[in-house]
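For reference, the chains in residue letters:
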Amino acid sequence: MSNIDTRPPFFPNTRSSRADISPTRNAQFLKRNSYERSQELNNIAARDAKVTIPDSIKDFSRIKKVVDASPEPNNADKIASLKARIQAGTYEPDYDAIADKILANEY
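A short tour of the structure in this document, coming up. Residue positions are counted from 1 within each chain, in the order its sequence is given. Only residues with pLDDT of at least 70 are given local features in this predicted model, and only at 80 or more are side-chain atom pairs given and counted; all residues enter the totals for whole chains, interfaces and linings. To get the side-chain values, take all heavy atoms of the structure and skip hydrogens and water.

**Some points on the overall build of the protein chain**
Now for step 1: Where helices and strands are cited, they refer to DSSP runs of H or I of at least four residues and of E of at least two residues respectively, numbered from the N terminus. Assigned secondary structure in the protein chain consists of six helices and zero strands.
Now for step 2: Ordering the α and β elements of the protein chain from the N terminus gives α-α-α-α-α-α.
Now for step 3: Each residue's exposure class comes from its accessible area (1.4 Å probe, protein chains only) as a fraction of the maximum for that residue type: buried when under 20%, exposed when over 50%, partly exposed otherwise. When burial is assessed residue by residue, the protein chain has 4% of its 107 residues classed as buried.
Now for step 4: To be clear on the numbers: accessible area is Shrake-Rupley with a 1.4 Å probe, and residue cover counts the displayed protein chains and nothing else. When the accessible surface of the protein chain is summed, it comes to about 10,600 Å², and 56% of that surface belongs to carbon and sulfur atoms.

Shown next as structure tokens:
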């Protein structure tokens, strides 16, 4: 391995950053913005960094929180009843309701 440090002086505490850059040259990289430039940047940030959330999204968020907090519906009795009716041969599906659901999902 070579002892030559080929990394640019950007990285702090490297041999090249300590040895090759003089303190006066390093000071030019640490210049602060003027007060006017700082105010300009703050105004730009205040103007452009605003986020507005539509009321419909807020409503959806509230509804989702309520739904997530509500208990899961217990359909075990309904499922058991349907299974028993199917096995007994007494279950007759409502074909019109099934067709309406299919059409509602398609259109």
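**Observations regarding the pattern of salt bridges**
Now for step 1: For this analysis, a salt bridge means a side-chain nitrogen from Lys or Arg found within 4 Å of a carboxyl oxygen belonging to Asp or Glu. Under the criterion given, the structure shown has four salt bridges.
Now for step 2: Of the charged contacts in the structure, one is a salt bridge between Arg47 and Asp48, with a shortest N-O distance of 3.0 Å.
Now for step 3: Among the ionic pairs, Lys64 bridges to Asp68, the shortest N-O distance being 2.8 Å. Taken together, the positions of Lys64 and Asp68, both in helix H4 (residues 55-69) and four residues apart, correspond to about one turn of that helix.
Now for step 4: A relative accessible area of 53% places Asp68 in the exposed class.

**What about a nonpolar patch on the surface?**
Now for step 1: Taken together, Val51, Ile53 and Ile57 make up a surface patch of nonpolar side chains, about 310 Å² in accessible area.
Now for step 2: One can find Ile57 in helix H4. Put simply, a patch holds well-exposed residues, over 30% relative accessible area, that have no salt bridge, with like charges counted together within 9 Å and Val, Leu, Ile, Met, Phe, Trp or Tyr side chains within 5 Å.

**What to know about helix H5 (residues 76-88)**
Now for step 1: Any helix carries an expected span of 1.5 Å times its number of residues minus one. Its 13 residues give H5 an end-to-end C-alpha distance of 18 Å, which sits within 8% of 18 Å, the value for a rise of 1.5 Å per residue.
Now for step 2: Positive backbone phi, approximately 80°, marks Gly89, located one or two places after H5.

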